[in-house]
Amino acid sequence: MRNPFAENVEQFMGELAETNRKLLKGMETLMNISNVDTGTTPRDLVYEEDRMRLFHYRPLAEKRCPVPLLITYALVNRPYMMDLQEDRSLVRRLLEHGQDIYMIDWGYPGPGDRYLTLDDYIRGYLNNAVDKVRERSGLDKLNLLGVCQGGTFSVIYAALYPEKVRNLVVMVAPIDFDTKDGLLHIWARDLNIDNVVDTFGVVPGDLMNFGFLMLKPFSLMLDKYVGLLDNLGKKETVENFVRMEKWIFDSPGQAGEAIRQFVNDLYKKNLLIKNELKIGGRVVDLRRIDMPLLNIFAEKDHLVPPSASKPLNDAVSSKDKTILSFRGGHIGIYVSGESQKQLAPTIAEWLATRSQLQEEAVSTGVRKARPAKKKKGTES
Amino acid sequence: MATEQGRETDFLGALSEAQRSWMRLWTDALSGFPTTTERREAEKESPGPWWRATERIYGEWAKMYQEMFGEYWKGAPLGIGGQTFTRTLGAAQIHGKLYEFWASAARILSGTPTEGKTAQETYQEFYNSWLASYNEILKGSFTASFFEPIRSPLGGTAELMAMYAEGLSKFSAPWMQAMQGLPQKTVEALQRGPQGYGDALRWWLPAYEQTWGRVLRMPALGPTRETIGMLQQGIEALVDYYSVMTDFWSALYKVSTEAMQQVMTELGNMSSKGQAPKSYREFYKLWWTTNEEAVQGLYQTPEFSRLLGRVVDALMLVRQRYDGIVEENLKSLPIPTKSEMNDLYKSLYLLKKEVRENTKRVSELKKRLRSTGTAAKKEQP
């Protein structure tokens, strides 16, 4: 075996000197970071209820899609991942393509929120937010985009209130929980969530994060930071890194009763795909979803594996349903270059062609107006 | 501002001192360096002191930064920059420790095998001698900021329990002394690292259950029986938690040390083909990817899933016992307890829900009334 020192002592010392220089430069960079802004796209608060807030984004395109789009994110992380920074913002790209966007921010549950149930979130807050958007737009139906756990919520909502949803888009949403592809699905079976909820009431975000980081300990807790050492002198790279760090460790606690039902009824009993889930006493029958459906999954998603997302398209009765595969992981789907360049325009166009009112042509804001196309049972 | 300036001055002073220390370290390391020709000659003989210096230099360097900037960030306002830097330096330290391993390995593997032993045996001998230190690397990898979240929910539980345990342990001293074989097991545990510790604990637990454990489970008597009973249960829960955590760590260490064996075998194979890593970074990549893969393999097993479930359950029980003890001690104070607050939260939740539903109903009724009124007006001639 070649001895690295025998030939490369000078190289090693040079490498160390270089790292030393980078680290000092990195300190300077980090000391100058006083605030790393996230979610900077202009928006207005239009409705709030308890900790839930509904925001309306200001338009960025001249012509807007006539049907508003409501984005609902997961409870387990903060929604600004959808608008992390100007050049890594799915929200901004959708606005540029003419979408009229509303987004729900669930907030941070406090100790008093331990009794909130899935029913409170879905038939309560989400339904009220939908009604608010309907009222503001004067339309009976809106477009709904659910992300991750928010995607599961959107699917449940669309099954309960199909009359209020014109088009349904879900991104990396777990629907069929009986899969061995994702560790969360495996571990949840042996997790006594009742004990956790009874102990904490509101399950601490740190505890949830522990589970997420544990999935890939060497890459998430070691190599990521070693990689940063090489780039500590690059202000922009460090700022991007720190923004992502801020998001990763910004984990709200979980309202006890809601997470209890989510783990027991979905992860453990897999009731949603079996059409046996009950929310507020009402059975959630996925066959009631008959509106156009766009289901997007990420090929390398280690949190929500494709096998948990894909079965949705077979469970609904929609005639117009599309399944879209994204080359990347659970986070890349919001912030990667491909997401910005390809995914956002695809979603915008898919929605625009299905959101035309009274035969009126709709522009996506960047493309020329064109007549509506009626798609029948499209699968791609 | 004055404070900030003060902090800045302190920081610059610390930085200056640290740089001087660094230069001394550097000079010491470099002073033993032979020239390239001398080094090549020296390769034939036993390695010089400069080897040992270089083996440690990366680790020392990371440690210096950790201490220096760690102190600085302590005084700095909490912020994402500081947290990121701390985590990065934590990673740098593990990186440095692994570098020491790599440097030693490279030196041994590039030299001649120990007399009377094959290269593979020399390899194995070196690896075994490194196992204890390697556990340190693994501990760092898994705990850097990884287990902090699981510790934080415990809050002061461990400390509080430890305090009670310390008091009670005085009573157990004779029992501990009477335990034949404990010293030997302890030595084994120290020599064999976590695996040995796990074995020792498993050996010790039944003895504990039969003796001290029974004392803890004895019904307490007297006016403080309730409090004493709670403490006993708390300590028992803590012992159980430590026991499960030992199994958990053992599983992770076992897989990681096996992964390291795999890395060493792979290195041997690569070396024999003339494809050995050309730089430390290449070795580091081989190391962490092999480990990640091995850990993933462990994670997929139902046994690990069950073990994780047990860890969470044991942790929750400790927390519940702790909360119980805290509530018991707060009873005499004029402040609400967690249980009382929970009752209040529930009432508030139900009340809010009722108000919300009634508000909706009233609003719908108003709408209906308006539309009925409008329709009635239209019908009037």
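Quick note: structure is the one above.
Residues numbered from 1 in each chain as written. Chains lettered and ligands numbered in written order. Predicted model: local features only at pLDDT ≥ 70, side-chain atom pairs only at ≥ 80, totals over all residues. Heavy atoms only, no water.

Focus on the overall build of chain B
Logical step 1: If you tally the helices and strands in chain B, you get 13 helices and 0 strands.
Logical step 2: In sequence order, the secondary structure elements of chain B are arranged as α-α-α-α-α-α-α-α-α-α-α-α-α.
Logical step 3: Scored against the burial criterion, the 381 residues of chain B give a buried share of 41%.
Logical step 4: A separation of at least 24 residues holds for 74% of the contacts in chain B among residues at least 6 apart in sequence.
Logical step 5: Only carbon and sulfur atoms are counted for the fraction: they give 58% of the accessible area of chain B, which is about 21,700 Å². (Helix = DSSP H or I, 4+ residues; strand = E, 2+ residues; numbered from the N terminus. Buried < 20%, exposed > 50% of the residue type's maximum accessible area, 1.4 Å probe, protein only. Contact = heavy atoms within 4.5 Å. Areas by Shrake-Rupley, 256 points an atom, 1.4 Å probe, with all protein chains shown as cover.)

Observations regarding the overall build of chain A
Logical step 1: Across its full length, chain A carries 14 helices and 14 strands.
Logical step 2: Expressed as a percentage of its 380 residues, the buried residues of chain A come to 64%.
Logical step 3: Intrachain contacts of chain A at a sequence separation of at least 6 include 76% that bridge at least 24 residues.
Logical step 4: Surface summary for chain A: the accessible area is close to 14,100 Å², and the carbon and sulfur share equals 47%.

A look at the nonpolar core
Logical step 1: Leu70, Tyr121, Ile122, Leu168, Met171, Tyr334 and Ile347 of chain A are the most contacted members of the largest nonpolar core, which totals 167 residues.
Logical step 2: Ranked by residues supplied to this core, first place goes to helix H10 (residues 225–272) of chain B with 17 residues.
Logical step 3: Apart from the residues lying within four places of it in its own chain, the contact partners of Tyr121 of chain A are Leu75, Trp106, Pro109, Leu116, Leu126, Phe153, Ala255 and Ala258 of chain A. (Core = buried A, V, L, I, M, F, W, Y, C linked by side-chain atoms within 4.5 Å.)

Things to note about the packing of aromatic side chains
Logical step 1: Using the criterion set out here, one finds 19 aromatic pairs over all chains in the structure.
Logical step 2: Consider the rings of Trp187 of chain A and Tyr299 of chain B, whose centres lie 4.9 Å apart with planes at 80 degrees: the pair is edge-to-face. One end of the pair, Trp187 of chain A, is in helix H5 (residues 183–188); the other, Tyr299 of chain B, is in helix H11 (residues 280–299), on a second chain.
Logical step 3: Looking at Trp187 of chain A, the relative accessible area reads 8%, which means it is buried.
Logical step 4: Tyr299 of chain B sits in the buried class, given a relative accessible area of 0%.
Logical step 5: In this structure an aromatic cluster arises from ring pairing among Trp106, Tyr121, Tyr125, Phe153, Phe177, Phe262 and Tyr267 of chain A.
Logical step 6: The lysine or arginine in question, Arg282 of chain A, covers the ring of Tyr161 of chain A, its NZ or CZ lying 5.3 Å from the ring centre. (Phe/Tyr/Trp six-rings, centres within 6.5 Å; stacked < 30°, edge-to-face > 60°. Lys NZ or Arg CZ within 6 Å of the ring centre and 35° of its normal.)

As for the pattern of salt bridges
Logical step 1: This model, assessed by the stated rule, comprises 30 salt bridges over all chains.
Logical step 2: A salt bridge links Asp285 of chain A to Arg287 of chain A; the nearest nitrogen and oxygen atoms lie 2.9 Å apart.
Logical step 3: Among the charged side chains, a network of salt bridges with common partners joins Glu49 and Asp50 of chain A together with Lys352 and Arg356 of chain B. (Salt bridge = Lys/Arg side-chain N within 4 Å of Asp/Glu carboxyl O.)

Brief notes about the sheet that holds strand S14 (residues 321–326) of chain A
Residue and element names in this part refer to chain A.
Logical step 1: In spatial order, the strands read S1-S2-S6-S3-S7-S8-S13-S14; together these 8 strands make up an open sheet with mixed pairing. Looking along the sheet, the strands with just one partner apiece sit at the ends: strand S1 (43–49) and S14. Recorded for the sheet is a direction-independent mean angle of 20 degrees between the axes of neighbouring strands.
Logical step 2: Summarising the sheet, strand S7 (residues 142–147) and strand S8 (residues 165–171) pair through 6 bridges and their orientation is parallel. Looking at the pairing, Asn143 lines up with Asn167 of S8.
Logical step 3: In this fold helix H14 (residues 337–353) packs onto strand S3 (69–72), S7, S8, strand S13 (293–298) and S14, with an angle of close to 160 degrees to the strand it touches most, S8. (Pairing = 2+ DSSP bridges. Axes fitted to C-alpha atoms, helices over the stretch in contact; angles between N-to-C directions.)

Looking at the packing of helix H6 (residues 193–200) of chain A against helix H10 (residues 256–268) of chain A
Residues and elements named next belong to chain A.
Logical step 1: Contact pair H6 / H10: the axes reach a minimum separation of 9 Å and the direction vectors enclose 175 degrees. One way to sum up the angle between H6 and H10 is to call them roughly antiparallel. In this structure, H6 contributes Ile193, Asp194, Val197 and Asp198 to the contact, and H10 contributes Gly256, Glu257, Ile259, Arg260, Val263, Asn264 and Lys268.
Logical step 2: By residue class, the composition of the contact of H6 with H10 is 4 nonpolar, 2 polar and 5 charged. (Parallel < 35°, antiparallel > 145°, perpendicular 65-115°, else oblique. Nonpolar A, V, L, I, M, F, W, Y, C, P; charged D, E, K, R; others polar.)

Remarks on unusual backbone geometry
Residue and element names in this part refer to chain A.
Logical step 1: In the Ramachandran plot, Asp50 falls in the positive-phi region, its phi being about 50 degrees despite a non-glycine side chain.
Logical step 2: Here Asp50 is to be found in the loop between S1 and strand S2 (52–57).
Logical step 3: Residue classification places Asp50 among the partly exposed residues on the basis of a relative accessible area of 35%.
Logical step 4: Phi is positive for Asn270, close to 55 degrees, though the residue is something other than glycine.

As for the packing of helix H3 (residues 118–137) of chain A against helix H13 (residues 338–379) of chain B
Logical step 1: Between H3 of chain A and H13 of chain B, the shortest axis-to-axis distance is 13 Å and the interhelical angle comes to 40 degrees. Comparing their axes, H13 of chain B and H3 of chain A come out oblique. Relative to H13 of chain B, H3 of chain A is oriented so that their crossing is left-handed. Contacts from Asp119, Asp120, Tyr125, Asn127 and Asn128 of chain A in H3 of chain A reach Tyr349, Lys353, Arg356 and Lys360 of chain B in H13 of chain B. (Left-handed = near helix turned anticlockwise from the far one by under 90°.)

Considering H14 of chain A
All names here are of chain A.
Logical step 1: In this model H14 runs 24 Å from its N-terminal to its C-terminal C-alpha over 17 residues, within 8% of the 24 Å that 1.5 Å per residue would give.
Logical step 2: The largest bend in H14 comes to about 30 degrees, at Leu343, with the proline Pro345 one to four residues further on.
Logical step 3: For H14, the complete set of buried residues consists of Ser339, Gln340, Leu343, Ala344, Pro345, Ile347, Ala348, Trp350, Leu351, Ala352 and Thr353. (Expected span 1.5 Å × (residues − 1). Bend = angle between axes of the 7 residues up to and from the residue.)

Describing the pairing of strand S6 (residues 101–105) of chain A
Residues and elements named next belong to chain A.
Logical step 1: With 5 of 5 residues buried, S6 lies mostly within the body of the structure.
Logical step 2: Alternating positions in S6 separate into two faces, Ile101, Met103 and Asp105 on one and Tyr102 and Ile104 on the other, with burial throughout.
Logical step 3: When S3 meets S6, the two strands line up parallel, connected through 4 bridges. By the bridge assignment for S6, Leu69 is matched with Ile101.

Considerations on the environment of Thr246 of chain B
All names here are of chain B.
Logical step 1: Along the chain, Thr246 falls in helix H10.
Logical step 2: Since its relative accessible area comes to 6%, Thr246 is described here as buried.
Logical step 3: Taking the C-alpha atoms as reference, Thr246 lies 64 Å from Lys367; in sequence the two are 121 residues apart.

Note that every value here comes from positions in space, so none of it alone points to a role or purpose.
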